[in-house]
Amino acid sequence: MTAAKAFRAVAGAVPDPELPVITLDELGVLRDVRVEPPTWPDEGPRVTVELTPTYTGCPAVEAMADDIRRALTAHGAAAVTVLTVYAPPWSTDDISPRGRAKLAAAGIAPPRPRGGGPVLVPLTPMRLAPAPLPPPRCPQCGSADTELLSRFSSTACTALRRCATCREPFDHMKEH
Amino acid sequence: MTAPGVALPLADDALILSHRLAEWAGHAPVLEEEVALANLALDLLGQARALYAMVGDEDALAFLRNERSFYNAQLTEQPNGDFAHTIARQLYFSTYQELLYGRLATGTDDVAALAAKAVSETAYHRDHAVTWTLRLGDGTAVSHTRMQRAADALWRYTGELFHPVVPGIDYAALHADWTARVTAVLTEATLTVPPFAPRRAGGLGREGVHTEPFGRLLAEMQHLHRSHPGASW
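Residues numbered from 1 in each chain as written. Chains lettered and ligands numbered in written order. Predicted model: local features only at pLDDT ≥ 70, side-chain atom pairs only at ≥ 80, totals over all residues. Heavy atoms only, no water.

A. Summary view of the nonpolar core. Within the largest apolar cluster, 72 residues are counted, with the highest numbers of intra-cluster contacts made by B:Tyr92, B:Leu100 and B:Leu104. Listed by contribution, the elements that provide at least two residues to this core are helix H1 (7-22), helix H2 (31-55), helix H3 (58-63), helix H5 (83-104), helix H6 (110-137), helix H7 (141-155), helix H8 (171-188) and helix H9 (213-227) of chain B. Aside from chain neighbours lying at most four places away, what touches B:Leu100 is B:Leu10, B:Ile169, B:Tyr171 and B:Leu174. Judged by nonpolar contacts, the second largest core, of 30 residues, contains A:Ala11, A:Val33, A:Leu51 and A:Ile68. (Core = buried A, V, L, I, M, F, W, Y, C linked by side-chain atoms within 4.5 Å. Buried < 20%, exposed > 50% of the residue type's maximum accessible area, 1.4 Å probe, protein only. Helix = DSSP H or I, 4+ residues; strand = E, 2+ residues; numbered from the N terminus. Contact = heavy atoms within 4.5 Å.)

B. Inspection of the packing of H5(B) against H8(B) at higher detail. Residues and elements named next belong to chain B. Packing of H5 against H8 brings their axes to within 10 Å, and their N-to-C directions diverge by 140°. Judged by the inter-axis angle, H5 sits oblique to H8. As for how H5 packs across H8, the hand of that crossing is right-handed. Residues Leu-91, Tyr-92, Thr-95, Tyr-96, Glu-98, Leu-99, Leu-100 and Arg-103 of H5 form the contact with H8, whose participating residues are Tyr-171, Ala-173, Leu-174, Asp-177, Trp-178, Arg-181, Val-182, Val-185 and Leu-186. (Axes fitted to C-alpha atoms, helices over the stretch in contact; angles between N-to-C directions. Parallel < 35°, antiparallel > 145°, perpendicular 65-115°, else oblique. Left-handed = near helix turned anticlockwise from the far one by under 90°.)

C. Expanded view of the interface of chain B and chain A. Opposite the 22 residues of chain B that make contact, chain A presents 22 residues. Both faces considered, chain B and chain A share a buried interface measuring about 1,800 Å² in area, 59% of it formed by carbon and sulfur atoms. When the buried surface of chain B facing chain A is broken down by residue, B:Asn39, B:Lys117 and B:Tyr124 rank first, second and third, together holding 34% of it. In this structure, the connection of chain B to chain A is made through two salt bridges. As a salt-bridge pair, A:Glu62 and B:Arg49 come within 3.2 Å of each other at their nearest N and O atoms. Scanning the region where chain B abuts chain A turns up eight residue pairs in polar contact (both at pLDDT 80 or more). (Buried area = accessible area lost by both parts, 1.4 Å probe. Salt bridge = Lys/Arg side-chain N within 4 Å of Asp/Glu carboxyl O. Polar contact = N/O pair within 3.5 Å; in protein donor to acceptor, adjacent residues only side chain to side chain.)

D. Region of the structure containing the sheet that holds strand S7 (residues 169-173) of chain A. Residues and elements named next belong to chain A. Taken in spatial order, the four strands of this open sheet run S4-S7-S6-S5, and their pairing is mixed. Of all the strands in the sheet, just strand S4 (108-109) and strand S5 (146-150) have a single pairing partner and so form its edges. Strand direction decides the pairing type here: S4 and S7, joined by two bridges, are parallel. Across the sheet, Ala-109 pairs through a bridge with His-172, a residue of S7. (Pairing = 2+ DSSP bridges.)

E. How the structure looks around the sheet that holds strand S1 (residues 30-36) of chain A. Residue and element names in this part refer to chain A. What the three strands build is an open sheet, ordered S1-S2-S3; its pairing is mixed. Taken across any chain shown, the strands that pair with only one partner, and hence form the sheet edges, are S1 and strand S3 (79-84). In this sheet, adjacent strand axes meet at a mean angle of 15° when their direction is disregarded. Relative to strand S2 (residues 46-51), S1 runs antiparallel, the two being bridged by six bridges.

F. Summary view of the domain arrangement of chain A. Residue and element names in this part refer to chain A. Annotation of chain A at the domain level lists domain 1 (3-84) and domain 2 (133-176). The straight-line distance from the C-alpha centre of domain 1 to that of domain 2 is 31 Å. The interface of domain 1 with domain 2 comprises five residues on the first partner and six residues on the second. Note on domain 1 versus domain 2: buried area summed over both sides is about 530 Å², and carbon and sulfur give 73% of it. (Domains from an automatic or database assignment.)

Quick look at the structure:
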């Protein structure tokens with residue numbers, strides 16, 4: 001494994017500070033890890049990490065940057081620079097299948113696929129048009145009979161829903 | 001006075017509206033709305049910070065400028081009023097911001113990258129405002145009256161949103177799109193589109209001229225930082 005790959009694996013394995021069941025790699029926020037060789041033989045390499053926020057105001061970004069710095073320093077980096085990049089914008093489609101499975105196992109309904117490409121605008125009146133996405137399924141019992149309780153929940157990226165079958169409330173990571 | 005550029009007025013809009021929304025913390029009508037308004041404020045604060053970072057030092061820009069050096073539209077500084085006023089302000093502003101950022105996102109510079117990121121957040125803000133406008137407008141007699149009163153009271157501040165800030169944006173077309181969207185929402189909410197024209201489209205907040213409540217907002221927002229320069233915790 002090259003040094004860059006090794007550092008990327010370490011940074012990618014850092015857990016998300018707000019949803020610690022998944023890693024930054026699974027969340028899809030790690031854009032690039034570059035390694036510059038040491039200036040002196042007895043020094044560690046310098047690492048630059050590009051991180052993209054899920055939401056522009058996500059307070060977890062600074063915690064992520066701190067955690068990455070700590071992990072890479074412990075892995076032997078002499079200096080770690082964490083840059084925030086916005087383009088291309090992160091979307092919930094960037095969460096890996098493994099990340100989605102982990103979210104569901106933790107009781108958080110994963111975001112539904114948004115799909116790329118242009119958004120189709122139906123010619124029927126909007127209120128008659130079919131809902132663009134099926135309702136999120138309850139992560140506890142799997143029922144599709146769920147309702148929205150609040151469009152905002154414990155974190156910026158989740159909405160609060162309730163399952164009409166098992167009556168359990170649950171967080172749903174919003175498509176974004 | 002130096003020209004405020006592109007990023008600064010957009011950042012000021014986001015910061016000042018964020019501060020207004022944050023004032024609801026501890027006062028919102030229900031817990032879910034408390035969380036919702038704080039989340040909207042957080043998105044806007046994030047946008048403001050990213051935009052300020054393109055201009056200079058975030059803290060200096062937010063906390064050390066005086067009233068005449070802020071370029072936010074006057075709409076964003078209007079007091080929260082009752083919940084209907086907050087929703088009308090959100091409807092007018094988020095519809096504008098979504099349309100503007102959608103156009104900005106096609107560019108290639110730093111502002112475009114931020115706009116492309118923020119536009120999906122803004123769409124969610126607009127969705128929240130539309131849902132509440134429909135619920136209040138098409139609700140009880142009291143909620144209808146109060147939503148109409150709020151829509152009328154803030155209408156005069158909407159003209160200024162279309163004062164050109166970003167070169168290359170067709171603000172007349174933006175205004176037409178905005179009017180069509182807002183009219184559709186108000187009509188569906190059984191509300192009347194205010195029958196008078198917004199105040200003149202020129203300048204105002206974009207030229208550093210603000211309404212009386214803005215001074216008190218700045219005093220509250222800035223006093224801690226100014227009282228303890230360079231403090232950290």
